[in-house]
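Below are the chains, spelled out letter by letter.
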2 protein chains.
Amino acid sequence: MYSFEALAQQFKSKFEVKHFPQEPASLYESCDYFLSIGGKRVRPVMCLMGNELFDNINPDAWHVATAIELFHNFTLLHDDIMDAAPLRRGMQTVHTKYGTNTALLGGDVMLVIAYDYLNKIDRNYLHKVIALFNKTAREVCEGQQLDMDFEKQQTVSLDAYIRMIELKTSVLLAASLQMGAILGGAGEGNRQNIYEFGRNLGIAFQVQDDYLDAFGDPEKFGKDVGGDIRQNKKTFLLLHALEAASTTQRQELLYLMDTNPEDKVQRVLQIFKDCNIDEWAKKLKQSYTDKAMQHLDSIAVVSSRKMPLVELADYLLQRES
Amino acid sequence: MYSFEALAQQFKSKFEVKHFPQEPASLYESCDYFLSIGGKRVRPVMCLMGNELFDNINPDAWHVATAIELFHNFTLLHDDIMDAAPLRRGMQTVHTKYGTNTALLGGDVMLVIAYDYLNKIDRNYLHKVIALFNKTAREVCEGQQLDMDFEKQQTVSLDAYIRMIELKTSVLLAASLQMGAILGGAGEGNRQNIYEFGRNLGIAFQVQDDYLDAFGDPEKFGKDVGGDIRQNKKTFLLLHALEAASTTQRQELLYLMDTNPEDKVQRVLQIFKDCNIDEWAKKLKQSYTDKAMQHLDSIAVVSSRKMPLVELADYLLQRES
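Not measured: the values here are computed from a predicted model.

Draft legend 1. Representation of the pattern of salt bridges in the model. Across all of its chains, the model carries 26 salt bridges over all chains by this definition. In this structure, B:Glu69 and B:Arg41 form a salt bridge, with 2.7 Å as the shortest nitrogen-oxygen distance. With B:Glu69 in helix α4 (residues 59-83) and B:Arg41 in the loop between α2 (25-36) and α3 (42-52), this residue pair connects regions lying 28 residues apart in the sequence. For the pair B:Glu69 and B:Arg41, a shared accessibility class is recorded, and that class is buried. Through salt bridges with shared partners, a single network forms among A:Arg163, A:Glu166, A:Glu196 and A:Arg199.

Draft legend 2. Main features of α4(B). All names here are of chain B. The end-to-end C-alpha distance of α4, which contains 25 residues, comes to 37 Å, matching closely the 36 Å that a straight helix rising 1.5 Å per residue would cover. Burial of α4 is extensive: 22 of the 25 residues sit out of reach of the surface. One side-chain oxygen at the N-terminal end of α4 lies 2.9 Å from the backbone nitrogen of Asp-60; it belongs to Asn-58. Positive phi appears at Ala-84, one or two residues downstream of α4, with a value of about 50 degrees.

Draft legend 3. Geometry of the relation of the copies chain A and chain B. Superposition of chain A onto chain B requires a rotation of 180 degrees combined with a translation of 0.0 Å along the rotation axis, giving an RMSD of 0.1 Å. In short, the pair behaves as if placed about a two-fold rotation axis. No C-alpha of chain A approaches the rotation axis more nearly than that of A:Arg123, which lies at 3.4 Å. Both copies contact each other with a shared surface, as 100% of the interface residues of chain A are interface residues in chain B too.

Draft legend 4. Summary view of helix α9 (residues 188-215) of chain B. The first and last C-alpha atoms of α9(B) sit 40 Å apart over 28 residues, in line with the 40 Å expected at 1.5 Å per residue. For α9(B), the tally of buried residues reaches 23 of 28 residues, placing the bulk of the element in the interior.

Draft legend 5. Spatial organisation of the packing of helix α8 (residues 158-183) of chain B against helix α12 (residues 236-244) of chain B. Residue and element names in this part refer to chain B. The contact between α8 and α12 brings their axes to 10 Å, and the two run at 165 degrees. Considering their axes alone, α8 and α12 lie roughly antiparallel with respect to each other. Seen from above, α8 lies across α12 with left-handed handedness. Of α12, the residues touching α8 (which contributes Leu-158, Tyr-161, Ile-162 and Ile-165) are Phe-236, Leu-239, His-240 and Glu-243. Among the residues making up the contact of α8 with α12, the classes are represented as 6 nonpolar, 1 polar and 1 charged.

Draft legend 6. Representation of the side chain of B:Gln206. With respect to the helices and strands, the residue B:Gln206 is situated in helix α9. Other than its neighbours up to four places away in sequence, B:Gln206 contacts B:Tyr161, B:Ile165, B:Thr169 and B:Phe236.

Draft legend 7. Spotlight on the interface of chain A and chain B. The partner chain B presents 41 residues to the 41 residues of chain A that form the contact. Between chain A and chain B, a total of about 3,600 Å² is buried, with carbon and sulfur atoms accounting for 64% of that surface. For the pair chain A and chain B, the number of links is 0 salt bridges. Across the contact surface, chain A and chain B share 20 residue pairs in polar contact (both at pLDDT 80 or more). Breaking the side of chain A that touches chain B down by element, the ones donating at least two residues are α2 (25-36), α4 (59-83), α6 (100-118) and α7 (123-152) of chain A. Of all the elements, α7(A) adds the most residues to the side of chain A that touches chain B, at 16 residues. When its residues are assigned to classes, the side of chain A that touches chain B shows 22 nonpolar, 10 polar and 9 charged.

Draft legend 8. Spatial organisation of the environment of B:Lys18. Residues and elements named next belong to chain B. Along the polypeptide, Lys-18 turns up in the loop between α1 (4-15) and α2. With relative accessibility at 48%, the residue Lys-18 sits in the partly exposed group. Separated by 14 residues in sequence, Lys-18 and Asp-32 place their C-alpha atoms 7.8 Å apart. Only 3.0 Å separates the side chain of Lys-18 from the side chain of Asp-32, close enough to count as a polar contact.

The rules behind these values
Residues numbered from 1 in each chain as written. Chains lettered and ligands numbered in written order. Predicted model: local features only at pLDDT ≥ 70, side-chain atom pairs only at ≥ 80, totals over all residues. Heavy atoms only, no water. Salt bridge = Lys/Arg side-chain N within 4 Å of Asp/Glu carboxyl O. Helix = DSSP H or I, 4+ residues; strand = E, 2+ residues; numbered from the N terminus. Buried < 20%, exposed > 50% of the residue type's maximum accessible area, 1.4 Å probe, protein only. Expected span 1.5 Å × (residues − 1). Polar contact = N/O pair within 3.5 Å; in protein donor to acceptor, adjacent residues only side chain to side chain. Least-squares fit on C-alpha atoms with pLDDT ≥ 70 in both. Contact = heavy atoms within 4.5 Å. Axes fitted to C-alpha atoms, helices over the stretch in contact; angles between N-to-C directions. Parallel < 35°, antiparallel > 145°, perpendicular 65-115°, else oblique. Left-handed = near helix turned anticlockwise from the far one by under 90°. Nonpolar A, V, L, I, M, F, W, Y, C, P; charged D, E, K, R; others polar. Buried area = accessible area lost by both parts, 1.4 Å probe.

Here it is as structure tokens:
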């Protein structure tokens, strides 16, 4: 059994090959460039881990892992266009560097080549893996559309937000694990449990991400703390605060979002604290974490095989183990 | 055996079902809308004809035909964004009606759903059909990129232009026929020949399209004759004229393209005629048509089965038969 780090290292070195043709360079350079920006490659490694949970790694799992990473990059590339983002991981986005049309087309062809990797696997698994891949791809697009819709809406219910997060980010984590499990010969119950482990883990991770953006230690968190608040980004915290606040507090929140005063972050944080949003978020994260771990427990394999996934959850969710 | 028209009618009625989920309507309405704009559905019908050439229609051919038509619409939807086209078939384009972001995402999800239809076919054919579909999809993206590149270039060789046309439009016609042939159990040689029939037919059709835009009878052609000339569009005619013209003629052509005088169309047409571009284009179309028909002849099935394809070629290429 390999740890997340060991598999990540193996995947990264296998992934460092040419995935695209040479010509036309005006198209494929943009794809090569985007992949060179790098990433933690969490999703493909989850596919490998989901596979190894049930058996020695099936060589086909590497193809599916590659397809998943290409798909994920396709979504990021197109999301960057939609968000008009100038930078990703400190590097120019593709549409900034190569123009929007090439970025659009580069994303399209990256998705097609993801399917080329899927098409390499044994035909006994092909229908099942493609069906799950397609369902997930569709849901990720739906999540992105909901995210854009919510940006334009004055109010969004917490339930609707959770559903959006689930579609936009959690289902791909869940499906990555499940595709690996399919290739490992897992039965229906185990496949369901590993999916639910990933789905709940993903939501817990997003709750944590929103929490850290507001309450994280700036030195440890690395990102610009309070960025979400400054941008009026709809987060778990803000949406629950708008639901839980008193009329006066809600009015002040809306006023701060509207007027963007200098001390906005500080004042919003104060309201969050007065409403116990920080405690609420910790509990919410815990409840999704618990659900994830229960589903992992329920998988019918010896617990020693589950250790890498437990460690991954600990790492992603900063749990003390 | 069915004629093109009979199959087109059958396909249109089968294609008139809901291909997309209901929710989120903000995403899928754009997809439904785009399909409602309609079209001649040439490519899916070519898949059905390529199938029926070898055997009774395989039920899977309907799934592949649907996937092809969805793929084609995905490319049109994204091309419209790249070309900033306000209208298609007299209707608002998706990005004009729903915004660029939704159009981008609507195209993405349409491609994913195309793969869902592919995934319905028998697993004995799945690898082969997806491989061809992917190769073709990649090539269509490459063709679109080359088309955009050429627009920015001062000069483009005729050979490079033919290659672009081949990628952007011909390979999908060829692959549609070949996917049908695969599902009909055709052997390697027959599969190659039907592909080459489609590829050459596609180029001949594009030569004709360029010819008619310049020399067509306005009443019969329906489109705005001379539109390509007015827009300095790189066409078979213009690129060959730039190669075949005398120094003086070339200078006048470039001057007309640069200055757009009132009588531009008339004067460019005069140069075309002086250089015998019209006769050259007719011969070029004939030579691709001949190649197409030779490949159709070479297919090892009784010639009576080929009649619908002969009729299709006659119809598309306005041949007197």
